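Chain by chain, the residues:
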Amino acid sequence: MVPITSRISMPYTLALFLSATLSIIPVHHAFHTPTAVTLSSASTASTRLSMINVFGGGELKEPQLPKDVKDAISKCRGAVQKGLENRISRMDVEMPVGANFGVENKKTSKNKRGNLSSLTGDDSESSLTLDKLDTSNRELARLFVEMFQPLGSSHICTVFNDEYLADQARERWSDDISAECNIVAIDRKGKRSRGGLVKTGNKGMQKKKKAMGFAAKIAAELEEGSDSGPFSLPKETEVALFVAPGPKELIAIERICNEVGMGTCVILLNARLSLIDKFVSDDARKLFLEEFEPIWSLSAAPQDEAPGCLMHRAYPGPWMLARKPKVGAPKTIAIKQGEKFSGEECKDAFGKVEISELERGTERLAE
């Protein structure tokens, strides 16, 4: 993975580290009692900055899956902090599809925040809908915005795929000072309806499109969907949060990464890069699969190869494969350094799992 180069300034590094260590998520109370530590600048030995250790004293030797939603948020923040310490400016964060963080609707999600099933989407009382998916992605973005608040709202940019999603965030975050940031959309003319995404504008004025390749076609669509040229970040942006981008949006993100350089921290939230079959170019594949660091990931393993299993990684730790029984907490069945588990590796690890008769009996009763 590619860390931030020497072009990044020391004030920026300290500001990012400060944002990850000093900010708090009040609704979750995600931290232990903090202890003070002191760092000195490499350029000026006499300049010291007192900070807070979010780890609460020491790290666990063995990687652990989060116990519940609160624990997942806390550990995710800790992983981001570690990445910032190591000057990583290209981060990929993945939470379970439709995870309930209990940020926007605290009353109905109060009980759910205490168990992992609400995070991994195993609640049987409700099925996943597009609205719940959008809410989950927006809540995750909201948590990251608060994480970086010490930078100042003008330096944080949350980027949604279209104006409908951006408007939803503006409406829900408008009265929350801890969610202040620039909220923009890659497709600035797209308005979603019940039937999908609707393009606004005079159809009679639209020019007939010329035949072009896949990448050029999508790039042209992105430019057509803008008010004044291709999408770009506000000038003062230091942290850009791209919320659930798809293959179409990744084209714009690749361009943005090239434009802003490594001095701007770019974080992908629920991009689900492993599910993309084909990137538009080898450069795009290298950027998103090699240069973006999987800072935090908690997702379902390939269910055909490892049914009922989860994959997890918290930077800088290894990848974990865990089986989630019908009763009780997930149990780790394999650990791997380096790249994510492949489908074949998941299948091999799952095939070696030994389940006791007591556990089998318990699961049968739970069915």
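Residues numbered from 1 in each chain as written. Predicted model: local features only at pLDDT ≥ 70, side-chain atom pairs only at ≥ 80, totals over all residues. Heavy atoms only, no water.

1. Observations concerning the overall build of the protein
A count of helices and strands for the protein gives 11 helices and 13 strands. Taking all 367 residues of the protein together, 46% fall into the buried category. Sequence-distant contacts, at least 24 apart, represent 68% of the contacts inside the protein between residues at least 6 apart. (Helix = DSSP H or I, 4+ residues; strand = E, 2+ residues; numbered from the N terminus. Buried < 20%, exposed > 50% of the residue type's maximum accessible area, 1.4 Å probe, protein only. Contact = heavy atoms within 4.5 Å.)

2. Thoughts on the nonpolar core
Among the nonpolar cores identified, the biggest contains 42 residues, and Phe101, Phe144, Phe148, Trp173 and Ile267 are the most heavily contacted of them. The dominant element in this core, judged by the number of residues it contributes, is helix α2 (residues 69-85), at 7 residues. Not counting residues up to four positions away in its chain, the partners in contact with Trp173 are Glu104, Arg138, Ala141, Arg142, Val145, Thr158, Phe160, Ala179, Cys181 and Ile183. If you look at the next biggest cluster of nonpolar residues, it comprises 23 residues, including Ala240, Cys257, Ala271 and Ala284. (Core = buried A, V, L, I, M, F, W, Y, C linked by side-chain atoms within 4.5 Å.)

3. Quick word on unusual backbone geometry
Between Tyr315 and the following residue, Pro316, the backbone shows a cis peptide bond with an omega angle of 5°. Positioned with a positive phi, Arg87 is a non-glycine residue whose angle comes to about 60°. Structurally, Arg87 can be placed in the loop between α2 and β3 (90-94). Phi at Asn270 is positive, roughly 60°, even though this residue is not glycine. With respect to the element layout, Asn270 can be found in the loop between β9 (265-269) and α9 (282-291). Look at Asn270 and you get buried, because its relative accessible area is 5%.

4. As for the packing of aromatic side chains
Using the criterion set out here, one finds 3 aromatic pairs in the structure. Aromatic side chains Phe279 and Phe288 sit 6.0 Å apart centroid to centroid with 15° between the ring planes, which places their arrangement in the stacked category. For Phe288, a relative accessible area of 2% gives the class buried. Taken together, a centroid distance of 5.5 Å and an interplanar angle of 20° make the contact between Phe288 and Phe292 stacked. (Phe/Tyr/Trp six-rings, centres within 6.5 Å; stacked < 30°, edge-to-face > 60°.)

5. Thoughts on the pattern of salt bridges
Tallied over the full model, the rule gives 15 salt bridges. As a salt-bridge pair, Lys82 and Glu85 come within 4.0 Å of each other at their nearest N and O atoms. Residue Lys82 and its partner Glu85 are both found in helix α2; the two are separated by 3 residues, about one turn of the helix. The partner of Arg170 in a salt bridge is Asp167, and the shortest N-O contact between them spans 2.5 Å. Note that Arg170 and Asp167 are positioned in helix α6 (residues 163-173) at a spacing of 3 residues, about one turn of the helix. Classification of Asp167 as partly exposed rests on a relative accessible area of 29%. Salt bridges here are not isolated pairs; linked through shared partners, they connect Lys67, Asp71 and Lys75. (Salt bridge = Lys/Arg side-chain N within 4 Å of Asp/Glu carboxyl O.)

6. Things to note about the packing of α2 against helix α5 (residues 130-147)
Viewed as axis vectors pointing N to C, α2 and α5 meet at an angle of 50°, and their least axial separation amounts to 12 Å. In terms of orientation, α2 lies oblique with respect to α5. For the element pair α2 and α5, the recorded crossing hand is right-handed. Note on element contacts: α5 touches α2 through Leu143, Phe144 and Met147, opposite Ile73, Cys76, Arg77 and Val80. Partitioning the contact of α2 with α5 into residue classes produces 6 nonpolar, no polar and 1 charged. (Axes fitted to C-alpha atoms, helices over the stretch in contact; angles between N-to-C directions. Parallel < 35°, antiparallel > 145°, perpendicular 65-115°, else oblique. Left-handed = near helix turned anticlockwise from the far one by under 90°. Nonpolar A, V, L, I, M, F, W, Y, C, P; charged D, E, K, R; others polar.)

7. Description of the pairing of β3
Among the 5 residues of β3, 5 are classified as buried, and the element is accordingly described as predominantly covered. What you see with β3 is no split at all: Arg90, Asp92 and Glu94 on one side and Met91 and Val93 on the other are buried throughout. Taken together, the 4 bridges between β3 and β9 define a ladder with parallel strand orientation. Across the sheet, the residue bridging to Val93 is Leu269, located in β9. Judged from the 4 bridges that link them, β3 and strand β10 (residues 293-300) form a sheet pairing that is parallel. Within β10, the position partnered with Asp92 by the bridge is Pro294. (Pairing = 2+ DSSP bridges.)

8. Here we look at α9
For an α-helix, the turn length of 3.6 residues means that residues three or four places apart are oriented alike. For α9, the set of buried residues is Ala284, Leu287 and Phe288. Looking straight down α9, one finds its buried side chains confined to an arc of 80°; they lie on one side. Of the surrounding secondary structure, the elements contacted by the buried residues of α9 are α8 (247-260) and β9. (Arc of directions from axis to C-beta.)

9. Some words on the sheet that holds β3
Sheet architecture is open: 9 strands sit in the order β5-β4-β8-β9-β3-β10-β11-β12-β13, paired in mixed fashion. Looking at strand neighbours, the two that pair on one side only are β5 (182-187) and β13 (331-336), the edges of this open sheet. On average, each strand axis in the sheet is inclined to that of its neighbour by 20°, with strand direction left out of account. Strands in contact with α5 are β3, β4 (156-162), β8 (239-243) and β9; relative to β8, the strand with the most contacts, it is inclined by about 170°.

10. What about the state of the cysteines?
For the structure shown, the criterion picks out 0 disulfides. Between Cys157, a cysteine without a disulfide, and Cys181, which holds the nearest cysteine sulfur, the sulfur-to-sulfur distance is 7.3 Å. Summary of cysteine pairing: Cys346 is not part of a disulfide, and the nearest cysteine sulfur, belonging to Cys309, is at 7.5 Å. (Disulfide = S-S within 2.5 Å.)

11. Describing the confidence of the model for the protein
Looking at the protein as a whole, its pLDDT mean stands at 76, while 63% of the residues score no less than 70. Segment residues 2-60 is flagged for pLDDT under 50; beyond a separation of four residues in sequence, or across chains, it makes 109 contacts in the model. The low-confidence segment residues 193-209, where pLDDT is below 50, has 20 contacts with residues more than four positions distant or belonging to other chains. (pLDDT = per-residue confidence, 0-100.)

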